[in-house]
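Chain residues, written in single-letter form:
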There are 2 protein chains.
Amino acid sequence: MEYDCSFLTNLELDGEVSQGHSDLENHAGDFGTREADETEPDVVVFAESTADVAAVVKAANDHGVPVTPYAAGTGLEGNATPVDRGISLDTTRMDAVREIRPDDLQIDVEAGIIGDEVNEALERYGLFFPPLPSSGAISTIGGMIATDASGQRTVKYGEVADWILELEVVLADGSVIEAGSKAAKTSSGYNLKELLIGSEGTLGIITRATLELAGRPEQIKGGRAVFPTLNNATEAISDAITSGVDVAKIELIDDQTAMLANEYADVDLPKQPMVFVEFHANHGIAEEIDFCRTIFEGHDLDRMEIASGEEMERLWQVRKDITYAAEEHSPDLDIGPPGDVTVPISRYPEMIAEVVTVAKEYDFFIPCFGHAGDGNLHYFVLADYDNPEEAARAREAYAELIERAIELDGTATGEHGIGIGKQKFMEQEHGTAAIDAMRAIKRALDPKGTLNPGKIIPSEGSVEDGQ
Amino acid sequence: MEYDCSFLTNLELDGEVSQGHSDLENHAGDFGTREADETEPDVVVFAESTADVAAVVKAANDHGVPVTPYAAGTGLEGNATPVDRGISLDTTRMDAVREIRPDDLQIDVEAGIIGDEVNEALERYGLFFPPLPSSGAISTIGGMIATDASGQRTVKYGEVADWILELEVVLADGSVIEAGSKAAKTSSGYNLKELLIGSEGTLGIITRATLELAGRPEQIKGGRAVFPTLNNATEAISDAITSGVDVAKIELIDDQTAMLANEYADVDLPKQPMVFVEFHANHGIAEEIDFCRTIFEGHDLDRMEIASGEEMERLWQVRKDITYAAEEHSPDLDIGPPGDVTVPISRYPEMIAEVVTVAKEYDFFIPCFGHAGDGNLHYFVLADYDNPEEAARAREAYAELIERAIELDGTATGEHGIGIGKQKFMEQEHGTAAIDAMRAIKRALDPKGTLNPGKIIPSEGSVEDGQ
């Protein structure tokens, strides 16, 4: 439905209200939505301040108009796209560094700041924000917090959530709260901060964050290891993690993905499973690398190359190119929705075997890769998604892998969030009583359903079809 | 009011229902309550299973009878003591290790298990549960989770909360949910697990937990450093933390506390501020200790003694004895409610200076000590709490320090929780809108107010007096 948003003209905003065609179009989708499924908002508000966000949310709540917060649009599950028009509230102009407190290892930033810009601001202090995901160059801190993001360095440093001390959040009635504390730890009151993290703007809109920081490691080295079989590779990873090897990144690609990425990069690498590693330390990095190598050798390691600086980047290039390589593999095929399952590390080999089985069964090319140290596996079902029959079969293969991950005590999503795309797996993963509790919380904090309606929680009494 | 709990006899419980005098008396207080303020429950249920907890909670909710979960009774803020009689639900008989999965670095335990018993069960696997607080020998895992506990090793390993993967929880209507995931990370749905952590049984009763584990460090060394002034000591700590020294524990005691503890232990130590440290590593521990020593020397370090094994324990003894030393300092004086403020590390020297000022101003002996690496400070206002005028003045001094901590961007409680005792500081720390949000969540998940009523959230429209 179309909403009358003329009340916005009565608000005194620092920011801008737009109904320009390209603004509406740009706020209809994200990296994961298909154009045919997109819904444009009625209006886009480019907020410039917390006061703007509070005023818009309050007025929209009073007028019964949905507000869908939007940041860089790099989500993969429609997390920030409107399902019911209304207002798209864009926070990307709220991108200032408010304060850096190096003695507290803290930085205060506005939610719309791009991840890498945080690290640039911190460079001269020798500090960094450790859990930044690979999308740090293009996605915002607010977006990362709202989707409970993580990434390659999570195996050492934890998730983005683990480095958030305090959030300023606008609630559905327009009130502004601070959740959490600038103290390193607190046991005071309910963990509103943790509840808001990963709530995808359905319970409140994050406007500011205090992030915890760490000193930049003095030594960084990394590279890749090649194994004869996928089993060798996954067992080597599992063994390294449980033996306590202090890796900062440990990534796996299977032989299919290796082939695809080698083609794309035009390099002469074997079509074999590869494990990419990176080590961070202030001293003793050589000992740690030796420790890792010894464990890998116990799993029939073919060869392991380690370097630093540009040479390390070169060794990693194949891993970095995967998505592009998959997208460009065939002009007739699309990558479809990206799998993001996570299982306990001991089930990782089983999960990967399942990908091989499902690929054979459905006769699709399903390259897989991921943050193996956390048990997080990404995959693409390459298919012609414009062919309805083939698309349906591809989505079935995609879903079967998620269902299998949940059966293996895992989760439908390790780092992308639920959005629209993964609602249909909520029931299997959480059960009815837990979803009812989530729904009760949503109703308690947003009784009129103003904030990002249609996300995370499946509609009551209906089986959501998702993607 | 007294509640009719006869409906309990109709339930088929694995556990036991008791109205024995000593059981009622034992469940009226905790380590922090004063006998005069205690309220006995009408009945104690010793649950033996999740089914027991679910049945009791469901029936109590149907009959409008409050249920206050109780574990080892080691809380300090009345977190688990009844304010309105009803049922005390004791979980200490649910103390089994359900499963250990060493390859996943995971253990499933029932909520009533004592902390140290978890580590005993893990010994033969070379694993341990790193964030266990000092009370691990006497308090339960469920109690630690419910109060969002942490401790000396938090500076390296984080809080108990950071090592909880999944919780089984009984909600107010008796339904049983699993919150979180056995996967190392998940972005699926609202963070119910994190909301339940620290909710002190007011939103649900924890019956089982899956804990994440780590390998036991191969090298452990520690000891103490003596500084000429408190300023030197606090600045040395702050410098060590921000420089990235990898300490597993870093504890401070001021000169007053040193005197007190030396008296108690009958040792010949200087009446000077002391910093206790412990290091954990798999290799390179000597380098890390040297790094720390160099930083300490920049702050006029008098001397630093480091050892391992029993000799390390001996060096730490004075720190371990503090509470006993304070309790036995004078037969006429009591320690009163324990301060548990936490401030950003750069404000730690200021916070300690404030303790000195308030002690002078009110003319009380206020020894202070704490987990300095996290900015967490404990203190006791030694006073005759049986003398109403003196008790009131002592509580004023105690409260003034908490208010000051919050002004310094800190929190009223770093690890003990709110319970009854710290409700009066909630408003200053969180503000009205955040407390309203907490209240809305409580109503949503426990509409009849069955679970642990009277805790955490101050009553509406009233200024709670607390301790």
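Since we're looking at a predicted model, the values are computed, not measured.

**Quick word on unusual backbone geometry**
Note: most peptide bonds trans; most residues except glycine with negative phi. Residue and element names in this part refer to chain B. Positive phi outside glycine occurs at Asp409, with the angle close to 65°. Along the chain, the position of Asp409 falls in the loop between α13 (388-407) and α14 (426-445). Residue Asp409 is classed as partly exposed on the basis of its relative accessible area of 34%. Within the chain, Ile456 stands out as a residue other than glycine whose phi angle is a positive 65°. With respect to the helices and strands, Ile456 occurs in the segment after α14. For Ile456, a relative accessible area of 0% puts it in the buried group.

**Concerning empty space enclosed by the protein**
Scanning all chains against the criterion turns up one cavity of 30 Å³ or more. Roughly 30 Å³ of internal volume is contained in the largest cavity. Along the walls of the largest cavity sit Ala437 of chain A together with Leu171, Ile177, Leu192, Leu195, Leu196 and Leu445 of chain B, which together make up its complete lining. Per-element accounting of the lining of the largest cavity gives the leading share, three residues, to helix α6 (residues 192-196) of chain B.

**Some details on the packing of aromatic side chains**
Summed over the entire model, instances satisfying the criterion amount to twelve aromatic pairs over all chains. Between Phe369 of chain B and Phe380 of chain B the ring centres are 5.6 Å apart and the planes differ by 45°, which places this aromatic pair in the tilted class. Within this pair, whereas Phe369 of chain B is found in strand β17 (residues 368-370), its partner Phe380 of chain B is found in the loop between β18 (376-379) and α13, the two being separated by eleven residues in sequence. One aromatic cluster is present, built from ring pairs that chain together Phe128, Tyr157 and Trp163 of chain A. Just above the ring of Tyr157 of chain B sits the side chain of Lys156 of chain B; from NZ or CZ to the centre is 5.5 Å.

**Brief notes about the sheet that holds strand β16 (residues 339-342) of chain A**
Residues and elements named next belong to chain A. One open sheet accounts for seven strands, arranged β15-β12-β14-β13-β17-β18-β16; its pairing is antiparallel. Strands at the two margins of the open sheet, each flanked by one partner only, are β15 (303-307) and β16. Averaged over all pairs of adjacent strands, the angle between their axes in this sheet comes to 15°, without regard to strand direction. Contacts between helix α8 (residues 255-265) and the sheet are confined to β13 (249-253), β14 (274-281) and β17 (368-370), with β13 contributing the most and set at about 90° to the helix. Of the strands in this sheet, β12 (219-226), β13, β14 and β15 are in contact with helix α9 (residues 285-297), which crosses β14 at around 155°.

**A closer look at the relation of the copies chain B and chain A**
For the match of chain B to chain A, the screw axis carries a shift of 0.0 Å, the RMSD comes to 0.0 Å, and the turn is 180°. Overall, the copies show the geometry of a two-fold rotation axis.

**Quick notes on helix α8 (residues 255-265) of chain B**
Among all positions of α8 of chain B, only Thr257, Ala258, Leu260, Ala261 and Asn262 of chain B are buried. Against the buried residues of α8 of chain B lie β13 (249-253), β14 (274-281), α10 (309-320), α11 (322-328) and β17 of chain B.

**Thoughts on the sheet that holds strand β3 (residues 67-70) of chain B**
Residue and element names in this part refer to chain B. Sheet architecture is open: four strands sit in the order β1-β2-β4-β3, paired in mixed fashion. A strand with exactly one partner marks an edge of an open sheet, and here the two such strands are β1 (16-18) and β3. Adjacent strand axes in the sheet meet at a mean angle of 25°, parallel and antiparallel pairs treated alike. Alignment of strand β2 (residues 43-46) against strand β4 (residues 87-90), held across four bridges, turns out to be parallel. Among the inter-strand pairings, Val45 is bridged to a residue of β4, identified as Leu89.

**Here's the deal with the environment of Asp239 of chain A**
Residues and elements named next belong to chain A. Tracing the chain through its elements places Asp239 in helix α7 (residues 230-242). As for Asp239 and Cys292, which are separated by 53 residues in sequence, their C-alpha atoms are 9.5 Å apart. Apart from residues no more than four positions distant in its own chain, Asp239 is found in contact with Ile295 and His299.

**Points about helix α13 (residues 388-407) of chain A**
Residue and element names in this part refer to chain A. Between its first and last C-alpha, α13 extends 28 Å over 20 residues, near the 28 Å set by a 1.5 Å rise per residue. Within α13 the residues assigned to the buried category are Glu390, Ala391, Ala394, Ala397, Tyr398, Ala399, Leu401, Ile402, Ala405 and Ile406. Looking at the buried positions of α13, the neighbouring elements they touch are β16, α12 (348-362), β18 (376-379) and α14 (426-445). The distance from a side-chain oxygen at the start of α13 to the backbone nitrogen of Glu389 is 3.0 Å, and the residue carrying that oxygen is Asn387.

**What to know about the interface of chain B and chain A**
Taken together, the contact between chain B and chain A spans 73 residues of the former and 73 residues of the latter. Looking only at chain B, the three residues that lose the most surface to chain A are Lys185, Ser187 and Tyr190 of chain B, adding up to 18% of its buried area. For the pair chain B and chain A, the number of links is four salt bridges. Of the charged contacts, one joins Lys185 of chain A and Asp374 of chain B as a salt bridge, the two residues approaching to 3.6 Å between their closest N and O atoms. Put simply, chain B and chain A have 36 residue pairs in polar contact (both at pLDDT 80 or more) between them. Element by element, the count of residues in the side of chain B that touches chain A is highest for α14 of chain B, at twelve residues.

Conventions adopted
Residues numbered from 1 in each chain as written. Chains lettered and ligands numbered in written order. Predicted model: local features only at pLDDT ≥ 70, side-chain atom pairs only at ≥ 80, totals over all residues. Heavy atoms only, no water. Helix = DSSP H or I, 4+ residues; strand = E, 2+ residues; numbered from the N terminus. Buried < 20%, exposed > 50% of the residue type's maximum accessible area, 1.4 Å probe, protein only. 1 Å grid on protein atoms, 1.4 Å probe; cavity = no way out; pocket = protein on both sides within 12 Å on 5 of 7 lines; lining within 4 Å. Points joined across faces, edges and corners; volume = space filled by probe spheres on them. Phe/Tyr/Trp six-rings, centres within 6.5 Å; stacked < 30°, edge-to-face > 60°. Lys NZ or Arg CZ within 6 Å of the ring centre and 35° of its normal. Pairing = 2+ DSSP bridges. Axes fitted to C-alpha atoms, helices over the stretch in contact; angles between N-to-C directions. Contact = heavy atoms within 4.5 Å. Least-squares fit on C-alpha atoms with pLDDT ≥ 70 in both. Expected span 1.5 Å × (residues − 1). Polar contact = N/O pair within 3.5 Å; in protein donor to acceptor, adjacent residues only side chain to side chain. Buried area = accessible area lost by both parts, 1.4 Å probe. Salt bridge = Lys/Arg side-chain N within 4 Å of Asp/Glu carboxyl O.

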